[in-house]
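Understanding the architecture of this molecule
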Amino acid sequence: MSAPAPHFEKKLRAGVLGATGLVGQRLVSLLAHHPWFELTEVAASERSSGKTYADAVRWHLDAPIPAAARDLIVRSLAPTLECDFVFSALDSSVAGGAEEDFASAGYPVVSNSKNHRMDPDVPLLIPEVNAAHLEAIPLQQKNRGYDTGFIVTNPNCSTAGLVLVLKPLAEAFGLEKIFVVTLQAMSGAGYPGVASLDIQGNVVPFISGEEEKMESEPQKLLGKWNGERFVDAGLGISAHCNRVPVLDGHLECVSLSLKKIASLEEVREALREFEVSSELAALPSALRNPIVVLEQQDRPQPRRDLNAGAGMAAVVGRVRECSLLDVKLTLLSHNLVRGAAGAALLNAELLAARGFLTRRVSADDGQSLAEPISR
Ligand code: NAP
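None of these values were measured; they are calculated from a predicted model. (Residues numbered from 1 in each chain as written. Predicted model: local features only at pLDDT ≥ 70, side-chain atom pairs only at ≥ 80, totals over all residues. Heavy atoms only, no water.)

It is worth spelling out the packing of helix α7 (residues 157-173) against helix α10 (residues 264-272) at this point. Relative to each other, α7 and α10 sit at 120 degrees, their axes nearing to 9 Å. Relative to α10, the element α7 is oriented oblique. Helix-helix and strand crossings are classified by hand; for α7 and α10 the assignment is right-handed. Contacts between α7 and α10 involve V165, P168, L169, A172 and F173 from the former and E266, V267, A270 and L271 from the latter. (Axes fitted to C-alpha atoms, helices over the stretch in contact; angles between N-to-C directions. Helix = DSSP H or I, 4+ residues; strand = E, 2+ residues; numbered from the N terminus. Parallel < 35°, antiparallel > 145°, perpendicular 65-115°, else oblique. Left-handed = near helix turned anticlockwise from the far one by under 90°. Contact = heavy atoms within 4.5 Å.)

With that settled, consider the sheet that holds strand β1 (residues 12-17). Pairing between the strands of a sheet comes from backbone hydrogen bonds, and it takes one of two forms, parallel or antiparallel. Here we have six strands laid out as an open sheet, ordered β3-β2-β1-β4-β5-β6, and parallel in their pairing. In this open sheet, the two edge strands, each paired with only one partner strand, are β3 (74-75) and β6 (150-153). Where strand β2 (residues 37-43) lies against β3, two bridges are found, and the strand directions are parallel. Following the sheet pairing, A43 is matched in β3 by R75. (Pairing = 2+ DSSP bridges.)

Here we take up the sheet that holds strand β10 (residues 236-243). A sheet is described by the order of its strands in space; here six strands give the open sequence β10-β7-β11-β14-β13-β12, paired in mixed fashion. The sheet terminates laterally at β10 and β12 (291-293), the two strands that pair on one side only. The average undirected angle you get between the axes of adjacent strands in this sheet is 20 degrees. Summarising the sheet, strand β7 (residues 175-184) and β10 pair through eight bridges and their orientation is parallel. Across the sheet, T182 pairs through a bridge with C241, a residue of β10. Across the sheet, α10 is in contact with β11 (250-258), β12, β13 (314-321) and β14 (327-333); its angle to β13 comes to roughly 170 degrees.

Before going further, it helps to examine the packing of helix α1 (residues 22-31) against helix α13 (residues 337-353). Two elements in contact, α1 and α13, have axes whose closest approach is 9 Å; the angle formed by their N-to-C orientations is 45 degrees. One element, α1, and the other, α13, form an angle in the oblique class. As for how α1 packs across α13, the hand of that crossing is right-handed. Seen from α1, the contacting residues are V23, R26, L27, L30 and L31; seen from α13, they are V337, A340, A341, G342 and L345. Across the contact of α1 with α13, the residue classes break down as eight nonpolar, one polar and one charged. (Nonpolar A, V, L, I, M, F, W, Y, C, P; charged D, E, K, R; others polar.)

Tallying each qualifying case throughout the model produces seven aromatic pairs. Each ring, one from Y53 and one from W59, has its centre 6.3 Å from the other, and the planes form 80 degrees; the classification is edge-to-face. An aromatic cluster is built from W36, F37, F85 and F87, whose rings are joined through pairwise contacts. Residue placement shows R360 over the ring face of Y107; its charged tip is 3.9 Å from the ring centre. (Phe/Tyr/Trp six-rings, centres within 6.5 Å; stacked < 30°, edge-to-face > 60°. Lys NZ or Arg CZ within 6 Å of the ring centre and 35° of its normal.)

This next bit is on the domain arrangement of the chain. Annotation of the chain at the domain level lists domain 1 (12-156 + 339-365) and domain 2 (157-335). Taking the mean C-alpha position of each, domain 1 and domain 2 sit 24 Å from one another. Domain 1 puts 38 residues into the contact, and the matching count from domain 2 is 38 residues. Counting the surface lost from both domain 1 and domain 2, the interface buries some 3000 Å², and carbon and sulfur atoms represent 65% of this. For the domain 1 face of the interface with domain 2, the top three residues by lost area are E128, V129 and N156, together amounting to 24%. On inspection of domain 1 and its partner domain 2, the count reaches three salt bridges. Linking R26 and D248 is a salt bridge whose minimum nitrogen-to-oxygen distance equals 3.9 Å. There are 17 residue pairs in polar contact (both at pLDDT 80 or more) connecting domain 1 and domain 2. (Domains from an automatic or database assignment. Buried area = accessible area lost by both parts, 1.4 Å probe. Salt bridge = Lys/Arg side-chain N within 4 Å of Asp/Glu carboxyl O. Polar contact = N/O pair within 3.5 Å; in protein donor to acceptor, adjacent residues only side chain to side chain.)

Attention shifts here to the pairing of strand β5 (residues 108-111). Of the two faces of β5, both are covered, the one formed by P108 and V110 as well as the one formed by V109 and S111. Strand direction decides the pairing type here: strand β4 (residues 85-88) and β5, joined by three bridges, are parallel. Residue pairing for β5: S88 is matched across the bridge by S111. Traced from β4 through helix α4 (residues 92-104) to β5, the parallel crossover comes out right-handed. As judged from the four bridges shared by β5 and β6, these two strands associate in the parallel manner. Bridge pairing in β6 links P108 to F150. (Buried < 20%, exposed > 50% of the residue type's maximum accessible area, 1.4 Å probe, protein only. Right-handed = clockwise from strand over helix to strand, strands pointing away.)

Here's what the structure looks like:
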């Protein structure tokens, strides 16, 4: 049984910073029919601000630009938007300062960008993995002098799928070492990303900063919040990251050593049966079973398995013995959904369900600042 979904009398108003980029577009698209949130503001660089969203964006999705977004005027990054909270899908060259400005001005910031992920008072969140890390928010607000604002982040796109798959294994058997080789899609680099002459018919065995993120973010995600600070999981992790000529979907080849001996069938079962709490199952973007295990020898494949669970599932296949560590497997996740826009949306849904998102005052809405939404 799912917990009853929270009831919001009015939808919460969402802004998207970096709305014209690949992640921002996904957010705009996912917000179009969202039951709890409505898109009221879009913001981007000076190249885009002042134009309508339809004129500013180079739209990459198959479905058309949502009607509610087409005529919104793209704003600059001044923290004066008519919305209750913001998603940040900004380029990392500007995300750090802009997110702090919005949080200081009272806006909850749900970020995709790398800038604040490893800050000692900022939750790096995958709801299915470490929802308890949200307890750090009051200390963050106290440390930084934020009133109603705060920053919550989601992990790097390749870390997101990996850690979702590691979580049930860590719980059932304990983890010691992880060796991972990624084959990452071109859309992971944003637009225009890697030049076509560099990636067509080729593999680029370097993605700046990616291996460092994959080796550090899982330590925080699988670690604990002890009331004062995040304590790392203390795992041994080695990552090799490669860019491949695939549009969307990061494939990862993983070898693991476990603390407890487990059969391959027990590993498959732990993955297949990983089920979220009833609180999470009630969130609009959540999957009750976020890991799909395939039996076919040649799966998962980006083209065939990318959209499992509307892009929110991690798809695992080829669970087999590893002659160096204990177990090896292949996993796939959608970098723009589970690894970015869908991840941020799920984070915002959990924040809303836990009462962290509140209505802010606006010109056409005489309510007091930060009035709690009735639930
Ligand atoms: P992108 O396609 O390059 O989009 C970047 C966005 O940032 C655009 O909206 C752009 O606006 C805006 N921007 C750039 N410079 C700006 C400035 N000086 N002032 C204001 N806005 C500015 O990148 P993306 O792939 O969507 O990624 C967005 C963020 O999410 C990045 O931090 C990235 O690392 C992170 N992320 C990406 C993925 C992925 O799979 N792509 C996954 C996880 C996290 P204009 O259009 O006006 O230039």
